[in-house]
Amino acid sequence: MKDKLNILMGFLILACVVVIILLFTGESEDKVDLKPTLSLNPSVIVMKIGETRVINYTVTNIEKYTIRWQSDNLEVADVNNGVVTGKKKGTANIMVTINENGLTETTKVIVNDIVPESIKLNKNNLELKVNEKEKLEYTLLPSNATDKSVTWESSNQKITTINDGVVFCLSPGSTMITIKAVNGLKDTCNVTCKMNEVDVTSIKFDKSSYSIYIDNTVRINATVEPANATNKTLTWKSSNTKIATVNNGVVKGISNGSTTITVTDSKGKVSNSVTVIVNKRKVTISPKEITIVGDSRMVGLCNYNWYKNDGGVCIAKSSMGYNWLVQTAIPAVNRLASSRKKYIVTNLGVNDLGNINKYVGKYIELATKDWKNYHVFLLSVNPTSGSRSSMNARIESFNNTLKSGLSKYSNVTYCDSYSYLKRNGFESGDGLHYRENTSKVIYEQIKNCINDYYNG
């Protein structure tokens, strides 16, 4: 029995050994028989025309091998040693094959168009005349875009047309020209169409010369040719504004003499001239139209009966100067009726000779504002005598500055009674104020100055 048991154990051991040997042998055979593999990365490529990409491959379980690359659509994409180049929009398959065993894998390639990324016109504003044309240029980027075609559009074809970038103006107005790329990118240009200008060729007057009186006006009629000139605006100029001024064809006489009035077209290319003669009208000076403004020297004159009988107006007060002129005298004159202000005579300054610049500034302001419609006669500060003679040098300086400072104002006249009194003598009780006979002389000088201005 024991022998039988030993025999059985022996068989079992032998069977186990056989099984182990068989298992070991099978495992070795599996390792020897592993199959080669081929994989590609990436498996799908999306690219643009002209773009390049690299396909990487991995091979296993084979020691020696060679690779073959192939595209099934060379028009769309070709391949060179793993480098794929996009050629044309479409789809292609890039195949990689192991020559030794024919194992093949594929990468799908999708090639898309190169689309425009920007479009820009060379001008965004354009001004043309009717029947004029101009070509708009543009830049489309990238320069290798697959489809570079563009479309043009005018927002109002009754004003402008557009053909292959050429803008043509049909009528006056404004339009918007739009250029578009195939993918909708666009740029615009605002076009303004204007009428063709008709230039002025000549300017004619209705008279060969004109004649007016001082302080009167006359309108010069100027005719522009041709009648359909686009811009008939004219500029006017007087060769001597001390004789006459001109404003938009209206000439005003300032003083006796003649001047040339020149008219020029808006472009400054065409002009014509005409002579204007200004004459002095014979006028009668009424004392009632004379208003005298002054200090104590005028107070004396205004208090004499012969002056009162003339009916002149006198606004005067002793020891007054510039401040009184501004604060009291000017407002008083402004309240008078226009007839009383026709001839305004001022005689101030002896009490504040150092204020000459203030006087000049104020008289300029009056001549151009409050008293611009009246004529102002600046009576000189008259001489002194005796112990006050030392003032005369300052008086002369005052008078000279007064005269030169107001010389360019057409409605201001300087009346020099100082020189007359120095030359012919005068009577004064205190060296400053005048006796009645000298006041009469000064009054006559005032009237003569006004008369000479108008009647010559």
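Residues numbered from 1 in each chain as written. Predicted model: local features only at pLDDT ≥ 70, side-chain atom pairs only at ≥ 80, totals over all residues. Heavy atoms only, no water.

Section: the overall build of the protein chain
Within the protein chain, the secondary structure is distributed over eight helices and 32 strands. In terms of C-alpha radius of gyration, the protein chain reaches 55 Å, well past the compact-globule figure of 23 Å for 456 residues. Each of the three principal axes of the protein chain carries a C-alpha extent, and together these read 190 × 70 × 35 Å. For the protein chain, buried positions account for 37% of its 456 residues. Restricting the contact set of the protein chain to residue pairs at least 6 apart, pairs at least 24 apart contribute 61%. When the accessible surface of the protein chain is totalled, it reaches about 25600 Å², and 49% of it is carbon and sulfur. Once the 55 positive and 41 negative side-chain charges of the protein chain are each reduced to a mean point, those two points are 15 Å apart. (Helix = DSSP H or I, 4+ residues; strand = E, 2+ residues; numbered from the N terminus. Rg over C-alpha atoms; globule rule 2.2 N^0.38 Å. Buried < 20%, exposed > 50% of the residue type's maximum accessible area, 1.4 Å probe, protein only. Contact = heavy atoms within 4.5 Å. Areas by Shrake-Rupley, 256 points an atom, 1.4 Å probe, with all protein chains shown as cover. Lys, Arg positive; Asp, Glu negative; His and termini not counted. Charge placed at Lys NZ, Arg CZ, Asp CG, Glu CD.)

Focus: unusual backbone geometry
Note on backbone geometry: most residues besides glycine have negative phi, and most peptide bonds are trans. Here the amide bond leading from Asn41 into Pro42 is cis, since omega sits at 5°, within 30 degrees of zero. Turning to its location among the elements, Pro42 is positioned in the loop between strand S1 (37–41) and strand S2 (44–48). For the bond from Leu141 to Pro142, the omega torsion is 0°, close enough to zero to count as cis. Relative to the helices and strands, Pro142 resides in the loop between strand S13 (138–141) and strand S14 (150–154). A positive phi angle, close to 65°, is found at Asn61, a residue other than glycine. Checked against the element boundaries, Asn61 lands in the loop between strand S4 (56–60) and strand S5 (67–71). Asn61 gets classed as partly exposed once you look at its relative accessible area, which sits at 44%. Located in the positive-phi region is Asn131, a residue other than glycine, with phi close to 75°.

Quick notes on the packing of aromatic side chains
Aromatic rings in a pair are described by how distant their centres are and how their planes are angled relative to each other. Under the defined criterion, the tally for this structure stands at eleven aromatic pairs. By the ring-pair criterion, three or more aromatic residues cluster together here, those being Tyr304, Trp306, Tyr307 and Tyr443. (Phe/Tyr/Trp six-rings, centres within 6.5 Å; stacked < 30°, edge-to-face > 60°.)

Comments concerning the packing of helix H7 (residues 417–424) against helix H8 (residues 436–455)
Close contact between H7 and H8 brings their axes to 10 Å; oriented N to C, the two are set at 140°. By the criterion of interaxial angle, the relationship of H7 to H8 is oblique. By crossing handedness, the relation of H7 to H8 is classed as right-handed. From H7, Ser417, Tyr420 and Leu421 reach across to H8, where they touch Thr438, Val441, Ile442 and Gln445. Taken together, the residues of the contact of H7 with H8 break down into four nonpolar, three polar and no charged. (Axes fitted to C-alpha atoms, helices over the stretch in contact; angles between N-to-C directions. Parallel < 35°, antiparallel > 145°, perpendicular 65-115°, else oblique. Left-handed = near helix turned anticlockwise from the far one by under 90°. Nonpolar A, V, L, I, M, F, W, Y, C, P; charged D, E, K, R; others polar.)

Thoughts on the nonpolar core
Ranked by internal contacts, the top residues of the largest apolar core, which has 43 residues, are Ile220, Val251, Phe377 and Ile450. It is H8 that contributes the most residues to this core, seven residues altogether. The contacts of Phe377, once residues within four sequence positions are left out, are Tyr343, Ile344, Val345, Thr346, Thr413, Cys415, Cys449, Ile450, Tyr453 and Tyr454. Judged by nonpolar contacts, the second largest core, of 35 residues, contains Leu325, Ala329, Tyr359 and Tyr363. (Core = buried A, V, L, I, M, F, W, Y, C linked by side-chain atoms within 4.5 Å.)

Here we look at the confidence of the model for the protein chain
Confidence in the prediction for the protein chain averages 90 pLDDT; 93% of positions are at 70 or higher. In this model, residues 16–31 is a region of pLDDT below 50 whose contacts with residues beyond four sequence positions or in other chains number zero contacts. (pLDDT = per-residue confidence, 0-100.)

Notes on the state of the cysteines
Going through the model one piece at a time under the given rule, you end up with three disulfides. One disulfide bridge connects Cys415 with Cys449, the sulfur atoms lying 1.9 Å from each other. Here the disulfide of Cys415 and Cys449 is left-handed, its torsion about the S-S bond being about -80°. Remark: Cys449 occurs in helix H8 and Cys415 occurs in strand S32 (residues 412–415); sequence separation between them is 34 residues. On the basis of relative accessibility, which here comes to 6%, the residue Cys415 falls in the buried class. Across the protein chain, the disulfide pattern expressed with sequentially numbered bonded cysteines is 1-2, 3-4, 5-6. Cys189 takes part in no disulfide bond, and the closest cysteine sulfur, belonging to Cys169, lies 10 Å away. (Disulfide = S-S within 2.5 Å.)

Here we look at the layout of surface pockets
Approximately 400 Å³ is the volume attributed to the largest pocket. The wall of the largest pocket is formed by 19 residues, among which Lys252, Lys372, Tyr374, Ser410 and Asn411 lie closest to the centre. Of all the elements in the fold, those that place two or more residues in the lining of the largest pocket are strand S25 (250–253), helix H5 (356–368) and H8. In terms of residue class, the lining of the largest pocket is made up of six nonpolar, seven polar and six charged. The computed volume of the second largest pocket comes to approximately 340 Å³. For the lining of the second largest pocket, the element with the most residues is S32, which contributes three residues. (1 Å grid on protein atoms, 1.4 Å probe; cavity = no way out; pocket = protein on both sides within 12 Å on 5 of 7 lines; lining within 4 Å. Points joined across faces, edges and corners; volume = space filled by probe spheres on them.)

Here we look at the sheet that holds strand S7 (residues 83–86)
Hydrogen bonds between backbone atoms are what pair the strands of a sheet, whose relative direction is either parallel or antiparallel. Ordered in space as S3-S7-S6, the three strands form an open sheet in which the pairing is antiparallel. A strand with exactly one partner marks an edge of an open sheet, and here the two such strands are strand S3 (52–54) and strand S6 (77–80). Across the sheet, the mean angle separating the axes of adjacent strands is 25° when strand polarity is ignored. In the sheet, S3 pairs with S7 via three bridges, with the strands oriented antiparallel. Bridge pairing in S7 places Thr52 opposite Thr85. (Pairing = 2+ DSSP bridges.)

Here's the deal with the sheet that holds strand S24 (residues 244–247)
Across the sheet, which stays open at both edges, the three strands sit in the order S21-S25-S24 with antiparallel pairing between neighbours. Each edge of the open sheet carries a strand with a single partner, namely strand S21 (217–219) and S24. Neighbouring strand axes in the sheet, compared pairwise and without regard to direction, differ in orientation by 20° on average.

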